[in-house]
Amino acid sequence: TATSQLEKSKRIIAANYGTENYLMSRAFEIEGLVLHKLGKSSEGLALCKKAAIMNADIFGEINQFTASSLSNVGLIYQETGDFAKAEEVIRHSFNIRQTLYGIDHPQTAISMANLATVLMAQSRYSDADKLLAASLEILKARGMLNSNLSLTVINNIALMSQQQGQTETAKQLYKQALKMMETDKEQNGLVYGTVINNLAIISIEEKQYEEALQYSEQAMAYAKQSQGIHSIPYIKAVNNMLVIYSK
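So, how was this worked out
- Residues numbered from 1 in each chain as written.
- Predicted model: local features only at pLDDT ≥ 70, side-chain atom pairs only at ≥ 80, totals over all residues.
- Heavy atoms only, no water.
- Helix = DSSP H or I, 4+ residues; strand = E, 2+ residues; numbered from the N terminus.
- Expected span 1.5 Å × (residues − 1).
- Buried < 20%, exposed > 50% of the residue type's maximum accessible area, 1.4 Å probe, protein only.
- Contact = heavy atoms within 4.5 Å.
- Polar contact = N/O pair within 3.5 Å; in protein donor to acceptor, adjacent residues only side chain to side chain.
- Phe/Tyr/Trp six-rings, centres within 6.5 Å; stacked < 30°, edge-to-face > 60°.

Side note on helix α4 (residues 64-79)
Step number 1: Compared with the 22 Å implied by 1.5 Å per residue over 16 residues, the 23 Å span of α4 between its first and last C-alpha is a close match.
Step number 2: Looking at α4, one finds that the buried residues are T66, A67, S69, L70, S71, N72, V73, G74, I76, Y77 and Q78.
Step number 3: Of the surrounding elements, those touching the buried residues of α4 are α2 (22-37), α3 (41-59), α5 (83-101) and α6 (106-121).
Step number 4: For α4, the N-terminal capping position is held by N63, with its side-chain oxygen 2.8 Å away from the main-chain nitrogen of F65.
Step number 5: One or two steps after α4, the chain reaches G81, where phi turns positive at roughly 90 degrees.

Here it is, written out as structure tokens:
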């Protein structure tokens, strides 16, 4: 299993390099994320916190590895519904990256986008919208408009519009993202599948079931070919199709 392989890796790292190094902290972090995905979020959170503390001890508080580890701690808090803690930790990661790189750097834009998703989860749409818009402007200025990150930001802006009932705006943004990805679906596979599934959800909400079925079949076929049947886009497509057939 993945966890047994990680335990083996940690033993090898400890035997060759000791226990206080980036290789070990990274192993803890990966193991923590794996455990979280397996439903053992409290154990996973403890390991990701341990990795963040190790990185701060090894490299200092204001360091890219510390910021990255804190982002993963925030992710687990967010996905387990503790939005206040998630916001606190992800905002700390954002502040570290802003200190390291400045406000107009792609790494800072990543933290902005991460923070925005936490605010969206709390229905704080005005604050989230400002962060997403700023993040997208940074990426545009860096010539990264067609990057996976920019497309994720556009998807999140569309999702925020959808959550506020602005369906037509959401549709236009999703379709804009799809058009941007047409030339390179492989590189942006996860975002591509996510956007198609989100369009399917809008069609379901509008009772356009044939259109929703087309989107879901497209998402399922693409995800199966590019990422496999255990990928998130494939599972979401299956769920959408179950909803459609139940109607």
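On we go.
Concerning unusual backbone geometry
Step number 1: At S123, a residue that is not glycine, the phi angle is positive and equals roughly 60 degrees.
Step number 2: Assignment of secondary structure puts S123 in the loop between α6 and α7 (125-141).
Step number 3: A relative accessible area of 49% places S123 in the partly exposed class.
Step number 4: The backbone of K207 sits at a positive phi, close to 65 degrees, despite the residue not being glycine.
Step number 5: Tracing the chain through its elements places K207 in the loop between α10 (189-205) and α11 (209-226).

Focus on the packing of aromatic side chains
How two aromatic rings sit relative to each other is given by the distance of their centres and the angle of their planes.
Step number 1: Counted under the stated rule, the structure contains 4 aromatic pairs.
Step number 2: Ring geometry for Y22 and F59: centres 6.0 Å apart, planes at 65 degrees, overall edge-to-face. Remark: F59 occurs in helix α3 and Y22 occurs in helix α2; sequence separation between them is 37 residues.
Step number 3: Residue F59 is classed as partly exposed on the basis of its relative accessible area, which comes to 32%.
Step number 4: Plain terms: the ring middles of F59 and F65 are 4.8 Å apart, the flat faces sit at 45 degrees to each other, and that makes the pair tilted.
Step number 5: Given the relative accessible area of 25%, F65 is considered partly exposed.
Step number 6: Here the aromatic cluster, defined as three or more aromatic residues joined through ring pairs, consists of Y22, F59 and F65.

Interpretation in functional terms is not warranted from these geometric data alone.
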